[in-house]
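Residue-level structure breakdown
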Amino acid sequence: MTYSADKVLGDLTTRERAAVESIRAALEEDPVPGRARRLPDADPRSQSYGVDLLPEQTGRRGITLVYRHDPQLDAILVLWLIVGP
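Residues numbered from 1 in each chain as written. Predicted model: local features only at pLDDT ≥ 70, side-chain atom pairs only at ≥ 80, totals over all residues. Heavy atoms only, no water.

Okay, the pairing of strand β4 (residues 63-70) next. Of all 8 residues in β4, 7 are buried; the element is thus mostly enclosed. Bridge count for strand β3 (residues 47-53) against β4 is 7 bridges, and the pairing is antiparallel. Counterpart to Tyr 49 in the pairing with β4 is Tyr 67. Pairing geometry for β4 and strand β5 (residues 75-83), over 8 bridges, is antiparallel. (Buried < 20%, exposed > 50% of the residue type's maximum accessible area, 1.4 Å probe, protein only. Helix = DSSP H or I, 4+ residues; strand = E, 2+ residues; numbered from the N terminus. Pairing = 2+ DSSP bridges.)

Right under this line is the structure:
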């Protein structure tokens, strides 16, 4: 099931939230880490990526953090958190 990032944060456990926050904080240092996978993007000025968190990292469910990176603005926008069963 897919929800926008701000809607799903309230439904995460403490450990899941901590895992997502660690990825978000890491993106401030490296907006395209080696574990990010490129996703199709309709905007030629930005690039979309997904970072997967395994259940071992979250303590419960797999989570994919989908974000858009604009290199010109040096900005990241978290678009979605996709939470597994």
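As a further point, take the confidence of the model for the protein chain. Taken residue by residue, the protein chain gives an average pLDDT of 89. The fraction at 70 or more is 95%. Predicted confidence in the protein chain is weakest over strand β1 (residues 2-4), with a mean pLDDT of 55, and strongest over β3, with 96. (pLDDT = per-residue confidence, 0-100.)

All chains considered together, the criterion is met by 1 aromatic pair. When the centroid spacing of 5.6 Å and the interplanar angle of 25° are considered together, the rings of Tyr 49 and Tyr 67 count as stacked. Taken together, the positions of Tyr 49 in strand β3 and Tyr 67 in strand β4 put the pair 18 residues apart, joining distant regions of the chain. Comparing Tyr 49 with Tyr 67, the two get one shared label, buried. (Phe/Tyr/Trp six-rings, centres within 6.5 Å; stacked < 30°, edge-to-face > 60°.)

Given a rise of 1.5 Å per residue, 16 residues ought to cover 22 Å, and the 23 Å separating the end C-alpha atoms of helix α2 (residues 14-29) matches this to within 8%. Those residues of α2 not exposed but buried are Glu 16, Ala 19, Val 20, Ile 23 and Leu 27. For α2, the buried positions fall inside an angular range of 95° around the axis, keeping them on one side. Exposed residues pointing more than 90 degrees away from the buried face of α2 are listed as Thr 14, Glu 28 and Glu 29. Elements in contact with the buried residues of α2: β3, α3 (55-58), β4 and β5. (Expected span 1.5 Å × (residues − 1). Arc of directions from axis to C-beta. Contact = heavy atoms within 4.5 Å.)

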